[in-house]
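Structural features, examined
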Amino acid sequence: MSRHQRLVLALAVALLLLAVWARFDRIGVQSLWNDEGNSYGQSLRTLPDITINAAADIHPPGYYVLLAVWRILTGESEFALRALSAFASLLGAAFAFALGKRLYGDAAGLTALAIVGVNTFSIMYAQEARMYALLALLGAASTWALVDLILSPGRRGTILLAATTAAGLYTNYAYAGLLAAQAAFGLLWLAGSMIDRRTTLPVIKAVALGYGAALLLYLPWLPTALRQVTQWGSTGEPIGAGDALPVALGWLTVGPTFTVTGVPVALVLLMALGLYNLKAPLRHERRRLRDSRLSHTRQSRNPKSLAVLTVAGETAPRKTAAIPRALALTLPPLWVGVTLGGFLALGLFREANLKFLLPAQIAVALWIGRGAWVLWHLPLRHTRRWTPLVTRVTAVLMVAAIVFGARNGLAALHNDPEFQRDDYKGIAQAIAEDGQPDAAVILNAPGQIEVFEYYARRYGPGWTLAALPIGLTVDAAATENALDALLSTHKRVYAVLWGTDERDPDQLVERILNTRAYPIDENWYGSVRLARYVTPGKLGHSIPSGALFDFPGGELELVDYALSSTVLTEGGSLEIALNWRVDMPPVQDYKITVQLLDQDGTLIVQRDAEPVGYQRPTSTWAPDEIIHDRHALLIPNALPAPQYRLIVGVYASVSPSERLPVAGNDALTLAEFNLQDAGD
């Protein structure tokens, strides 16, 4: 191994270690989320059950089978489940290096490795227990196998092409886009290579054998795949090319954090240089040819088997077909163009589908890598002994600036709420802190039951988990009966709500809970909402009120109210039932605030919400309609004062600091409590 080769190897190892750090840093900190819960649930099944469930899903079974084996070997922690994706991502980065080096040269390979290593798109899915990092790895590996077959057809490349193609198809249906890009590249190569049948025909045979073997391996799943991709519905409206392309290029070049960090100018310049058809300087070719000859000193004397110089300047010890430089230049933009073009043509460009573009991130890294190679070898008109250093130092500084600048993106990926996963761990911890070992937890969306079971075993083994509503098309009667059963057997009910407009468009679950239980509060954990409820107890007698809250154009009347207790119990709850009506519906919506204050007026606990748990905004009330509104307050432990009072106020959602006047005040006192009565 020459000094130059040792230096390249040392730099590659250093960059790979950087990629290792970026992928394993805080990999187990964030909670598993819905899709990861689905992966975990699949990994618990047997191989036949994984296949059956995958046939009803939009993802084939390959990754789930691999994760099931991985879970047995490594355990079930967040770190262990995600480590499979991290290792796949690292291998994908290694193949990016190998592709860049094979197609263009050392500078291209090292740069491609650096770009993949710090790209937050790649890192984000390296830290997720899903199949997308594996998809990118298989895309890079199969492309390397295709290039290897073109340069040097043989058994190694054929087996690798067959294995990676079949594995890619069993990993994700989006792999078909990569096959389209490979087909386009192969046809371009074939169009320029038919003049030499001696080198072309062996390649055609080897490639056909590789893809043919992959197809045979995939045939058992092909009918299922065709049914799934043609019948599975899409959610949301597709994004047009004008809006989609900047987002896609931002993700592919920098990652999702490009919205925070921007796209570095150095990166844009290297991509532009990557389109320049530069021939390497003669001195560079001679050196690489000399190094290659040293490693292949025993070549055949048969002219047909003499080595042929490849694109990277290397030689092969047997008959090969070379990839023209201009064609090698087209591979990255062709890969990206076919992928994005297919997305736009099929109307697939939605934010939720951007993850399917991850293999194309390898292509962009190769594109940038080739730009660095061009800059490294860029000839200067007035050459001196020191002038090549100008372009080489510039190339190194530009790549270093990109890598060093990525630290802001990495920080945003881990700390910015925009990039945080839904926090099911935090939800489970919040429920556990309430101290209700027999709590009922309602989960309204597919995938939630699996991820929540994962955390329930850790934080609440006695919890009752219920997937509601019942039925893909909501079965209202069965759902209502199930909710009544939960409310009658548990003191506290928690609703973990995600995607309610799609899963429960009529909000049946929330409507029943808000009218038959007492809402405590609701909080967001990412895009998931946790709503807490106290189940119905025995209320005291209804107390007439008649208090009028004046708003512009009318009056909002508190007809009467009832309380669950006349004493406060530390660590307990206080349920409040309010009956409202208006003479004229308000133009704007108002919130109800129920507050417990100490004797000095200091707030102890409160609940603020639109009436009936946001189900009946005041602007929807009809004149003289009675609105039954429920609230619950959780009483803290160790209350600091001997006396307390309960008040109710009304304020506009747009101006919470201005309450509606009532009897000359800004709130109405409903009851007073003495602490010495607590627990009696």
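Before reading on, note that the structure itself is shown above.
This part covers the side chain of Ser31. Along the chain, the position of Ser31 falls in the loop between helix H1 (3-24) and helix H2 (34-43). A relative accessible area of 5% places Ser31 in the buried class. Engagement of the side chain of Ser31 in a polar contact is seen with the backbone nitrogen of Lys425, the distance being 2.9 Å. Side-chain polar atoms of Ser31 contact the side chain of Tyr455, separated by 3.5 Å. Those residues within four positions of Ser31 in sequence are excluded, and the remaining contacts are Glu36, Arg82, Arg421, Asp422, Asp423, Tyr424, Lys425 and Tyr455.

Moving on to the environment of Arg529. Among the secondary structure elements, Arg529 is positioned in strand E5 (residues 528-534). The buried category is assigned to Arg529, whose relative accessible area is 10%. In this structure, the C-alpha to C-alpha distance between Arg529 and Ile427, residues 102 residues apart in sequence, is 8.9 Å. When residues no more than four places from it in sequence are discounted, the contact partners of Arg529 are Ala495, Val496, Leu497, Thr500, Glu510, Glu522, Asn523 and Trp524. Within the structure, the side chain of Arg529 is placed 3.2 Å from the side chain of Glu522, a separation counted as a polar contact.

Our next topic: the nonpolar core. Ile323, Leu357, Tyr424, Ile427, Ile431, Phe452 and Val496 are the most contacted members of the largest nonpolar core, which has 130 residues in total. Among the elements that make up this core, the one with the highest residue count is helix H8 (residues 132-151) (15 residues). Ala547, Tyr590, Trp621 and Val662 belong to the second-largest nonpolar core, a separate cluster that totals 37 residues.

So, about helix H4 (residues 62-74). One turn of an α-helix holds 3.6 residues; hence residues three or four places apart share an orientation. The terminal C-alpha atoms of H4, which comprises 13 residues, lie 18 Å apart, in line with the 18 Å expected from a rise of 1.5 Å per residue. All buried positions along H4 are accounted for by Tyr63, Tyr64, Leu67, Ala68 and Arg71. The arc enclosing the buried residues of H4, seen along the axis, measures out at 140°, which places them on a common side. When the buried face of H4 is taken as reference, the exposed residues oriented beyond 90 degrees from it are Ile72 and Leu73. Looking at the buried residues of H4, the elements they touch are H2, helix H3 (47-55), helix H5 (78-103), H8 and helix H9 (155-171).

Criteria and thresholds
- Residues numbered from 1 in each chain as written.
- Predicted model: local features only at pLDDT ≥ 70, side-chain atom pairs only at ≥ 80, totals over all residues.
- Heavy atoms only, no water.
- Helix = DSSP H or I, 4+ residues; strand = E, 2+ residues; numbered from the N terminus.
- Buried < 20%, exposed > 50% of the residue type's maximum accessible area, 1.4 Å probe, protein only.
- Polar contact = N/O pair within 3.5 Å; in protein donor to acceptor, adjacent residues only side chain to side chain.
- Contact = heavy atoms within 4.5 Å.
- Core = buried A, V, L, I, M, F, W, Y, C linked by side-chain atoms within 4.5 Å.
- Expected span 1.5 Å × (residues − 1).
- Arc of directions from axis to C-beta.

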